[in-house]
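As a plain string of letters, each chain reads:
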Amino acid sequence: MSKSLIQTVNQSSQTVAANSIIDLGSVIRRFGCNLRLNGNAIEVEGAGYYTIDCNVTVAPTAAGNVQVAIYKNGVPLTGATATGSATAAGNPITLPIQTTIREGCNCDGGTSLTLVLVAGASTVSNVALRVEKA
């Protein structure tokens with residue numbers, strides 16, 4: 001089993017509507033051949049366990065709840081969500097997500113991981129994502 005890691009960061013301000021994919025930015029660190037950035041998705045190839053750590057800073061356009069989730073092949077990962085509540089529009093909230101996924105043989109191709117702003121249109125000012133194969 002090979003070890004792989006990818007870390008992406010986006011510190012550019014981006015306006016994101018609810019139910020939209022968040023731009024992951026640029027690769028800061030990458031090691032191994034199991035993980036790569038493809039547009040706004042992390043492509044995972046190879047059997048094993050992968051740990052995902054993510055922090056997203058959002059400033060909702062209105063008071064209320066905001067939620068970010070990690071999606072695997074277009075489907076939300078169970079438990080891979082973070083929810084916060086803003087008391088006023090523009091108040092920044094940092095939403096952390098940590099989870100682990102298991103990949104089988106990938107006989108039908110790899111897995112695509114995306115970060116989605118599920119609820120609460122926001123200005124996203126910081127995205128830090130790290131995926132590591134154990």
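Trainee: Even after reading the chapter, I still don't get the nonpolar core, so can you show me in this structure?
Mentor: Side chains of nonpolar character tend, in soluble globular proteins, to be buried together. In terms of nonpolar packing, the biggest core is built from 30 residues, with Ile22, Ile42, Val56, Leu115 and Val131 touching the most fellow members. At the level of elements, β6 (41–44), β7 (48–60), β8 (64–72), β9 (75–86), β10 (93–103), β11 (111–119) and β12 (122–133) are the ones that each hand at least two residues to this core. It is β7 that contributes the most residues to this core, five residues altogether.

Trainee: Would you mind going over empty space enclosed by the protein with me for this structure?
Mentor: Left-over empty space is what a probe sized like a water molecule reveals as it rolls over the atoms. Counted by the stated rule, this structure contains one cavity of 30 Å³ or more. Approximately 40 Å³ is the volume found for the largest cavity. Of all elements in the fold, only β11 and β12 reach the threshold of two or more residues within the lining of the largest cavity. A per-element tally of the lining of the largest cavity places β11 first, with three residues.

Trainee: Help me out: how do you make sense of the pattern of salt bridges in this one?
Mentor: Pairing between side chains becomes possible if they bear opposite charge and their charged atoms approach one another. Inspection of every chain in the model, using the stated rule, returns four salt bridges. Note that lysine 3 and glutamate 132 form a salt bridge whose closest N and O atoms lie 3.2 Å from each other. One end of the pair, lysine 3, is in the segment before β1 (4–10); the other, glutamate 132, is in strand β12, with 129 residues separating them in the sequence. Looking at lysine 3, the relative accessible area reads 46%, which means it is partly exposed. By relative accessible area, which is 22% here, glutamate 132 ends up partly exposed. Connected through shared salt-bridge partners, Lys3, Asp53, Arg130 and Glu132 make up one network.

What counts and what doesn't
Each residue is numbered by its place in its chain's sequence as written, counting from 1. Given that the model is predicted, a residue must reach a pLDDT of at least 70 before its local features are reported, and side-chain atom pairs must reach 80 or more before they are shown or counted; all residues, however, enter totals for whole chains, interfaces and linings. With hydrogens and water stripped out, all remaining heavy atoms of the structure feed into the side-chain values. Nonpolar cores are built from buried Ala, Val, Leu, Ile, Met, Phe, Trp, Tyr and Cys residues. Side-chain atoms within 4.5 Å join them into one set. For every residue, the accessible area (1.4 Å probe, protein chains only) is compared with the maximum for its type, and the residue is labelled buried under 20%, exposed over 50%, or partly exposed between those bounds. In this text, helices come from DSSP runs of H or I with a minimum length of four residues, and strands from runs of E with a minimum of two, each type numbered from the N-terminal end. A 1.4 Å probe that fits into a set of points on a 1 Å grid over the protein atoms alone but cannot get out defines a cavity; an open set with protein on both sides within 12 Å along at least five of seven lines defines a pocket, and lining residues are those with an atom within 4 Å of a point. Grid points are joined across faces, edges and corners, and a volume is the space filled by probe spheres set on the points. Any carboxyl oxygen of Asp or Glu within 4 Å of a side-chain nitrogen of Lys or Arg constitutes a salt bridge here.

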